[in-house]
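If you want the building blocks of each chain, they are given just below.
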Amino acid sequence: MDNWVPLSNELYRLVWDKFYEHFNFKPSVHSSDWPSFSLPSPYITYKLTSYTDDDIDDLERKCVACLKAVTEPDEYLYALDWQHESFKYNPHLGPPSTISFYPDGDYYLFISKDFTWGYLGHPWEQTISIFGGDLIQQFEINSPKLFEEVVRSSE
C-alpha cells in the first residue's frame, strides 16, 4: 500500500468543493480577510514564528505521530495542497514527503475523510489550526516546539 495516493480529478473537485462549503473557505493574502476558514468547535490556532530546520523536523515528526494516534493503521485521510495535486494519505505507512505540515507558500490541509477533525496550515497568516477534540488532545500531549502562541481558540 502507498501512503500517498493522488486524488482522481473527480474526487479532487468533490473534496475541495466540500471543503470550501463546509469551512466557508475564502483564500486570501490580505490580513483583513483572515482567518480564511470557519472552524467547528473545538479548535485552536497557533501562530508560527521564526524557526530552524530542527523545528520543522520536530513539527513533521509530531504531526505524523498525532495523526497516527487518531487513525487506524489502514485509514487514509485527505492531504490537500491548495491549487495543486492532492492526496489520500496514510500516516502509518511512512514519513510525509509529498505535502509538508509547515505552510510555506500554500494552504496545506490534513483532514479526516468525514471532515470531523483536521490540521489546516495558512501560508500568509502563518498559522496552524487544529480542530476536533481527539486531534487537539494529541497535539497537547505531543506539542511541536513551534506551537507556542495561541491566536484563536473555541474556548
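Residues numbered from 1 in each chain as written. Predicted model: local features only at pLDDT ≥ 70, side-chain atom pairs only at ≥ 80, totals over all residues. Heavy atoms only, no water.

1. Things to note about the overall build of the protein chain
The following threshold applies: Helix numbers and strand numbers start at the N terminus; a helix is a DSSP run of H or I with at least 4 residues, a strand a run of E with at least 2. For the radius of gyration, the atom set is restricted to C-alpha positions; the globular benchmark scales as 2.2 Å times the number of residues to the power 0.38. Summary of the burial criterion: residues with accessible area below 20% of their type's maximum are buried, those above 50% are exposed, and those between are partly exposed, where the area comes from a 1.4 Å probe applied to protein chains only. Whether two residues are in contact is decided by their heavy atoms: any pair within 4.5 Å suffices. Residue-level accessible areas treat just the shown protein chains as cover; the underlying method is Shrake-Rupley with a 1.4 Å probe.
A count of helical and extended segments in the protein chain gives 3 helices and 8 strands. If you list the helices and strands of the protein chain from N to C, you get β-α-β-α-β-β-β-β-β-α-β. A compact globule built from 155 residues should have a C-alpha radius of gyration of about 15 Å, and the protein chain, at 14 Å, falls within 12% of that. C-alpha atoms of the protein chain, sized along the principal axes, occupy 35 × 30 × 30 Å. Taken over 155 residues, the protein chain has a buried fraction of 47%. By sequence separation, contacts in the protein chain at least 24 residues apart represent 66% of the contacts at least 6 residues apart. Accessible area for the protein chain stands at about 7,700 Å²; split by element, carbon and sulfur atoms hold 46% of it.

2. Things to note about the pairing of strand S3 (residues 77-81)
The following threshold applies: Two strands qualify as a pair provided that DSSP identifies no fewer than 2 bridges between them.
Within S3, 5 of the 5 residues are buried, which leaves it mostly tucked inside the rest of the structure. By the alternation rule, side chains of S3 split into Leu-77, Ala-79 and Asp-81 and Tyr-78 and Leu-80, which are all buried. Of the strand pairs in this sheet, S3 and strand S4 (residues 87-89) are connected by 3 bridges, and their pairing is antiparallel. Paired with Leu-77 across the bridge in S4 is Tyr-89. Where S3 meets strand S5 (residues 108-111), 4 bridges bridge the pair, whose relative direction is antiparallel.

3. As for the sheet that holds strand S7 (residues 127-131)
Applicable threshold: Lines are fitted to the C-alpha atoms to define the axes, a helix being fitted only along its stretch in contact, and any angle between axes, read from their N-to-C directions, falls within 0 to 180 degrees.
Pairing is antiparallel across the open sheet formed by 8 strands, whose spatial order is S1-S4-S3-S5-S6-S7-S2-S8. The open sheet is flanked by strand S1 (4-6) and strand S8 (149-153), the only strands paired with a single partner. Within this sheet the neighbouring strands show an average axis-to-axis angle of 20°, counted without direction.

4. Side note on the packing of aromatic side chains
Selection criterion: Aromatic contacts are taken between Phe, Tyr and Trp rings whose centres are within 6.5 Å, Trp giving its six-membered ring; a plane angle under 30 degrees counts as stacked, one over 60 as edge-to-face, and the others as tilted. Lysine and arginine charges are scored as sitting over a ring when NZ or CZ, respectively, is within 6 Å of the ring centre and within 35 degrees of the ring normal.
Under the definition given, this model contains 28 aromatic pairs. With centroids separated by 6.0 Å and ring planes inclined at 25°, the aromatic side chains of Phe-25 and Phe-37 adopt a geometry described as stacked. Residue Phe-25 is located in the loop between helix H1 (9-22) and strand S2 (43-47), and its partner Phe-37 is located in the loop between H1 and S2; the two are separated by 12 residues in the primary sequence. Taking 5.9 Å as the distance between ring centres and 70° as the angle between the ring planes, the aromatic pair formed by Tyr-89 and Phe-110 counts as edge-to-face. Linking Tyr-89 in strand S4 with Phe-110 in strand S5, this pair joins segments that are 21 residues apart in sequence. Taking relative accessible area as the criterion, Phe-110 reaches 0% and is therefore assigned buried. Of note, Lys-18 hangs over the ring of Phe-115, and the distance from its end group to the ring centre comes to 4.5 Å.

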